[in-house]
Amino acid sequence: MTPRLGTASVIAVWGAPTADREQLVDALARRFVQRGIRAIALVGMAPTDALECPPAPTDALAQAQAWRTRIDQARHNALVVAAGSPIALLAQRGVPVESWPPSLVAAERGHAFTLLLPPQDAAGNGEQDLDARLRAGFAAVGLPCAIIHGRDAAQHLSRAWSALQAGLEAREEAPATPRHLRAPAWNCERCSDPDCEHRLFTDLIAARQTLTAG
């Protein structure tokens, strides 16, 4: 079954293991194309090494803005599956949350899905630390995400596809936002119910008031 996504949708794949992340991005884009949906895999702008020396925050902000521009340009004509995202880049580079541009945060919240590939159990401290920074980034801006566990590329693809399908089905089945209902307004002049409790109660009070007055 094909998740119901189309042009202008963005799926961002975060994760410390660069090779796994980019493999999943390519595989997801191919899967959509095979099902008749125009999709583009964006890789190459996201950080590529968990251990590389972080640039200055201003450089990281410039890179994030450039990555945002590239994603937005690509989504005009296709569904975009991106390796990383502007916010993931800022989180990885250690840019303080208070320095994140609100426009980048708002754009990130507009993504259809964000998937996170956690490091394997045998991963080194560098990938574990990066995973922690990425998760902190999620929490900082309130981004929902799906954690995609797996031993290999095939399992990552299968579980990511299932996560997209389940997420869309959950959105479709979610009840509409409940309206605030007003208390019912009584309109006794139009009431035709002989057993109307409100009318009987009102009549009883009126009768008592008449007796008291007499």
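Structure: see above.
Reference entry: report on the structure contained in this document. (Residues numbered from 1 in each chain as written. Predicted model: local features only at pLDDT ≥ 70, side-chain atom pairs only at ≥ 80, totals over all residues. Heavy atoms only, no water.)

**As for the overall build of the protein**
When you go through the protein residue by residue, the secondary structure sums to seven helices and five strands. The N-to-C order of helical and strand elements in the protein reads β-α-β-α-β-α-α-β-α-β-α-α. Taken across its 214 residues, the protein has 39% of its residues classed as buried. Summed over all atoms, the accessible surface of the protein reaches about 12300 Å², with 54% contributed by carbon and sulfur. (Helix = DSSP H or I, 4+ residues; strand = E, 2+ residues; numbered from the N terminus. Buried < 20%, exposed > 50% of the residue type's maximum accessible area, 1.4 Å probe, protein only. Areas by Shrake-Rupley, 256 points an atom, 1.4 Å probe, with all protein chains shown as cover.)

**Brief notes about the nonpolar core**
Ranked by size, the top nonpolar core spans 24 residues in total, and within it I11, L28 and F32 carry the most contacts. The set of elements that each furnish at least two residues to this core consists of β1 (10-15), α1 (18-34), β3 (79-83), β4 (113-117) and α6 (153-173). Here this core takes six residues from α1, the largest share from any one element. Grouped together as the second largest cluster of nonpolar side chains are 19 residues, A64, V95, L116 and F138 included. (Core = buried A, V, L, I, M, F, W, Y, C linked by side-chain atoms within 4.5 Å.)

**Here's the deal with the pattern of salt bridges**
Inspection of the entire model under this criterion finds three salt bridges. Residue R68 pairs with D72 through a salt bridge whose shortest N-O separation is 3.1 Å. Taken as a pair, R68 and D72 lie in helix α2 (residues 57-74) at a separation of four residues, close to a single helical turn. Assessed through its relative accessible area of 5%, R68 is described here as buried. Each member of the salt-bridge network shares a partner with another, and the members are R68, D72 and R75. (Salt bridge = Lys/Arg side-chain N within 4 Å of Asp/Glu carboxyl O.)

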